[in-house]
Amino acid sequence: MPDWGISVVFEGQNFSRLLIGLLVSLRIAAVAVFFAAVGGVVLGLLMTSHCRLVRWACRLYLEAIRIIPILVWLFLFYFGLTKIFQIHLSAEIAADIVFSLWGIAEMGDLVRGAVTSMPRHQLESGMAIGLTKLQVYRHVIIPQAVRRLIPSAINLATRLIKTTSLVVLIGVVEVLKVGQQIIEVSILKTPTASFWVYAIIFLLYFIVCWPISLYSKKLERKWQS
Amino acid sequence: MDYAFVAASIPLFIKAAELTLVLAFWGISLSLAVGLACALVLYYRIRVFDKITVVYIELSRNTPLLIQLFFLYYGFAKIGIKFEAYTCAVFGLAFLGGSYMAEAFRAGLEAVTKSQIESGLSLGLTRSQLMRYIILPQAFAVAVPALGANAIFLLKETSVVSAIALADLMFVAKDLIGMYYKTTEVLLLLVLFYLALLLPLSMMLTYIERRVRHAGLGN
Amino acid sequence: MKKKSPEKVLEVKGLKKFYGESEILQGIDLAVHRGEVVVILGPSGCGKSTFLRCLNGLEEIQQGEIRLNGEQINGAVNGWHRVRQKIGMVFQNYELFPHMTILENILLGPIKAQGRKRSEAKEQAEKLLERIGLLDKRDAYPAQLSGGQKQRVAIVRALCMNPEIMLFDEVTASLDPEMVREVLDVMLELAQQGMTMVIVTHEMNFARAVADRIVFVDQGLIVERAAPEIFFHAASDGAGPQVLAYF
């Protein structure tokens, strides 16, 4: 067979279009990561508050986000808000909001876990050798909390990136959609193109996510000792 | 709120929920089997297979289910291998879930202490008896929370199979919205049905977790 | 003083063990006769526990011979499980299986490893449990027992395999002082009934009471061996100050 179909991927602008499509998903993920980093810390600290009502509300938020599949949330924000509240959100903005909310919730839980798993004695023994509370937090507690946090936080980031692939289902023109367009155009000339296009997209996600997870494992191992 | 419409749509949603559950059931069961096999391969360091397993785990954990499904369903079709949507979905779920279950089992296996193993060996148990009576039960108890969380995760992931035209809850919802524009009613039903599927599962798993933990773990 | 039986249950010749570059055990020779109780004493970290673990194959030896009832057992890489059925070992941390009841813990070895019938094994297990006064705990889980009770169960678990020889690795070291007594009493009774035992311990009075022979190990070598009276008498005599400096 002279034409293996993979050439389609590298024809003309196709590859760069695919990459741009990937960037669309990555942008959504980046926005979510940013808000998760900021909002998650706030939420996490709130979740350790002494006020039961606050803890409860946070818990409700977290569980609600978690129990409903993300795709359903995307539907709710994209189709639902439009119909019910007459707010017209573009698919991208709806995606930004949903993923940010999810990221904040998950990050909040991670932060809460890191903070509550701190051995109590750390603060006391730090103060016992004469450090102020602030100093203990700065030099002892926060570095340790960060170490417990980072691997899971990176894992969350990877999950965010992978899940942004769903936005194609609410019409965002990202890498999968671009791939489908490329396939449609070459359907007559090179019917096998779809195999290679999807294979490339598969590899693109892998190339983005794998190094991140490797780095996280490296960090974990480094800090284990 | 058009209640008549809601009532009329319920049978459709029930059928879709059935499909979702059946898919999830097969996906979860297969991924448990795959996961255990992978974990054992890695635990016993079986040559060649352990490398394959590592490659598999990295590939499946770093790519989204949606892409895997598209690749299997649309991609292979054009080079002559046509998979049925149903098969694709189950395979995709098992492929993705297997690596997560493998990780859960691996952590469980490693949690069984060396002294426990030595204690079993000192009684004259063979390696396979050791695995069956001492290691696996304890590993399983440790792994249950993670296995349960993965099961719930996989049930939620079934929402993705609507993309390859399987009539699950998402597909039905999208269909109905497109046809009748009764967005609010459809979305309400969608959320309710997912809650109806996921909340009981979540509670059942918390119960199992507690029972397994209560089985006197800890010397 | 017990009359020494001629039959050698365990014979160790020239046992050497290396851990990387360091020689942990530098050539141990030991013979244990049937019904004899040998107590191994020595400072921490000198290889006593390692030596015991070599005897049932939990540690590999690089040189030397171990014979059980005349048959060589070291080097039996795949057959160790059969050998271990004849060697009972009790660990410092009891290591009962937390997911099984006391009775199931005791029955696992006889039924699965030795292939005995459940009814027969159960009868023996319950008899043994009764002897140590824990029959009513047979359906309890290890987590519900105290340290001393768990250790006594561990001894019974090893005993139920009908071993030729029993090895005890610092079995009272993890116990609260109140519970040490009940475990030592069980071991004393076992000794009086003629079980062949090799005991590693720190309990001096116990060693004096139970041992037929005392072996002193220091830095991987046997430095001194004697009958207890001679060994401990030398202490009050002032003789052998080097050895006794450790106490």
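Check the entry above for the structure.
## Some details on the overall build of chain B
Scanning chain B for helices and strands turns up eight helices and zero strands. Going residue by residue from the N terminus, the α and β elements of chain B occur as α-α-α-α-α-α-α-α. The principal-axis extents of the C-alpha atoms in chain B amount to approximately 70 × 45 × 20 Å. For chain B, the proportion of its 219 residues judged to be buried stands at 53%. Here the contacts in chain B between residues at least 6 apart in sequence split such that 78% fall between residues at least 24 apart. For chain B, the accessible area works out to roughly 10100 Å², and carbon and sulfur atoms hold 69% of it.

## With respect to the interface of chain C and chain B
Between chain C and chain B, the contact holds 27 residues from the first and 23 residues from the second. Buried area between chain C and chain B, summed over both chains or domains, comes out near 2200 Å², and the portion from carbon and sulfur atoms is 58%. The tally of links between chain C and chain B comes to one salt bridge. Here glutamate 118 of chain B makes a salt bridge to arginine 53 of chain C, at a shortest N to O gap of 2.7 Å. Between the two partners, chain C and chain B, sit 10 residue pairs in polar contact (both at pLDDT 80 or more). Elements that contribute at least two residues to the side of chain C that touches chain B include exactly helix H2 (80–84), strand E6 (87–90), helix H3 (102–113) and helix H5 (147–159) of chain C. Sort the elements by how many residues they give to the side of chain C that touches chain B and H3 of chain C lands first, with four residues. Residues that form the side of chain C that touches chain B fall into these classes: 15 nonpolar, six polar and six charged.

## Comments concerning the sheet that holds strand E10 (residues 221–226) of chain C
All names here are of chain C. If you trace the six strands from one edge of the open sheet to the other, you get E6-E7-E8-E3-E9-E10, paired in mixed fashion. Looking at the sheet topology across the chains shown, the edges are occupied by E6 and E10. Adjacent strand axes in the sheet meet at a mean angle of 20°, parallel and antiparallel pairs treated alike. In the packing of helix H1 (residues 48–55) onto the sheet, contacts are made with strand E3 (37–41), E6, strand E7 (165–169) and strand E8 (197–200), and the angle to E7 comes to roughly 150°. Seen against the sheet, H5 touches E6 and E7 and runs at an angle of roughly 170° to E6.

## Quick look at unusual backbone geometry
Although it is not a glycine, valine 48 of chain B adopts a positive phi angle of roughly 70°. Looking at where valine 48 of chain B falls in the secondary structure, it is placed in the loop between helix H1 (3–43) and helix H2 (49–61).

## What about the pairing of strand E2 (residues 22–33) of chain C?
Consecutive residues of a regular strand have side chains that alternate between opposite faces of the sheet. All names here are of chain C. Inspection of the sheet shows strand E1 (residues 8–19) paired to E2 by nine bridges, in the antiparallel sense. Each residue of the ladder has a partner; that of lysine 17, found in E2, is leucine 25. Hairpin geometry of E1 and E2 is characterised by an intervening segment of two residues between the two adjacent antiparallel strands and by a positive phi of about 70° at glycine 20.

## Focus: the arrangement of the chains
No other pair among the two pairs of chains in contact exceeds the contact count of chains A and B. These two, chain A and chain C, are apart from each other, with no contact and a minimum C-alpha gap of 22 Å.

## Points about helix H7 (residues 169–180) of chain B
Residue and element names in this part refer to chain B. When the terminal C-alpha atoms of H7 are compared, their 16 Å separation across 12 residues agrees well with the 16 Å that a helix rising 1.5 Å per residue should span. When we look at burial in H7, the residues that qualify are Leu169, Met170, Val172, Ala173, Leu176 and Ile177. All buried residues of H7 project into a common sector of 165° when viewed along the axis, lining one side. After H7 finishes, the residue tyrosine 181 shows a positive phi value of roughly 60°.

## Some points on the interface of chain B and chain A
Across the contact, 37 residues belong to chain B and 36 residues belong to chain A. Taken together, both faces of the contact between chain B and chain A bury some 3400 Å²; the carbon and sulfur share is 78%. Summed over the three residues of chain B that lose the most area to chain A, namely Asn62, Ile67 and Phe71 of chain B, the buried surface amounts to 18% of that side. Our count for the chain B to chain A interface comes out at one salt bridge. Between glutamate 58 of chain B and lysine 217 of chain A there is a salt bridge, with its nearest N and O atoms 2.7 Å apart.

## Digging into the sheet that holds strand E5 (residues 71–72) of chain C
Residue and element names in this part refer to chain C. Strand order in the open sheet formed by four strands is E2-E1-E4-E5, and the pairing between neighbours is antiparallel. What marks the edges here is a single partner per strand, and that holds for E2 and E5. Alignment of strand E4 (residues 63–68) against E5, held across two bridges, turns out to be antiparallel. Bridge assignment links arginine 67 to a residue of E5, and that residue is glutamine 72. Set on the sheet, H1 makes contact with E1, E2 and E4; between it and E1 the angle comes to about 120°.

## Some remarks on the packing of aromatic side chains
Applying the stated criterion across every chain, the model contains 23 aromatic pairs over all chains. For the ring pair phenylalanine 202 of chain A and phenylalanine 71 of chain B, a centre distance of 5.8 Å and an interplane angle of 35° mean the geometry is tilted. With one member in each of two chains, phenylalanine 202 of chain A in helix H9 (residues 193–224) and phenylalanine 71 of chain B in helix H3 (residues 65–77) form a pair that bridges those chains. We note that phenylalanine 202 of chain A, like phenylalanine 71 of chain B, is buried. A ring pair is formed by tyrosine 43 of chain B and tyrosine 44 of chain B, whose centres lie 5.5 Å apart and whose planes are at 75°; its orientation type is edge-to-face. Owing to a relative accessible area of 26%, tyrosine 43 of chain B belongs among the partly exposed residues under this scheme. One aromatic cluster in this structure is built from Phe195, Trp196 and Phe202 of chain A together with Phe71, Phe76 and Phe83 of chain B. The ring of tyrosine 100 of chain B carries the charged tip of arginine 61 of chain B above its face, separated from the ring centre by 4.6 Å. Positioned above the aromatic ring of phenylalanine 5 of chain B, the side-chain terminus of lysine 182 of chain B is 6.0 Å from the ring centre.

Cut-off values and rules
- Residues numbered from 1 in each chain as written.
- Chains lettered and ligands numbered in written order.
- Predicted model: local features only at pLDDT ≥ 70, side-chain atom pairs only at ≥ 80, totals over all residues.
- Heavy atoms only, no water.
- Helix = DSSP H or I, 4+ residues; strand = E, 2+ residues; numbered from the N terminus.
- Buried < 20%, exposed > 50% of the residue type's maximum accessible area, 1.4 Å probe, protein only.
- Contact = heavy atoms within 4.5 Å.
- Areas by Shrake-Rupley, 256 points an atom, 1.4 Å probe, with all protein chains shown as cover.
- Buried area = accessible area lost by both parts, 1.4 Å probe.
- Salt bridge = Lys/Arg side-chain N within 4 Å of Asp/Glu carboxyl O.
- Polar contact = N/O pair within 3.5 Å; in protein donor to acceptor, adjacent residues only side chain to side chain.
- Nonpolar A, V, L, I, M, F, W, Y, C, P; charged D, E, K, R; others polar.
- Pairing = 2+ DSSP bridges.
- Axes fitted to C-alpha atoms, helices over the stretch in contact; angles between N-to-C directions.
- Expected span 1.5 Å × (residues − 1).
- Arc of directions from axis to C-beta.
- Phe/Tyr/Trp six-rings, centres within 6.5 Å; stacked < 30°, edge-to-face > 60°.
- Lys NZ or Arg CZ within 6 Å of the ring centre and 35° of its normal.

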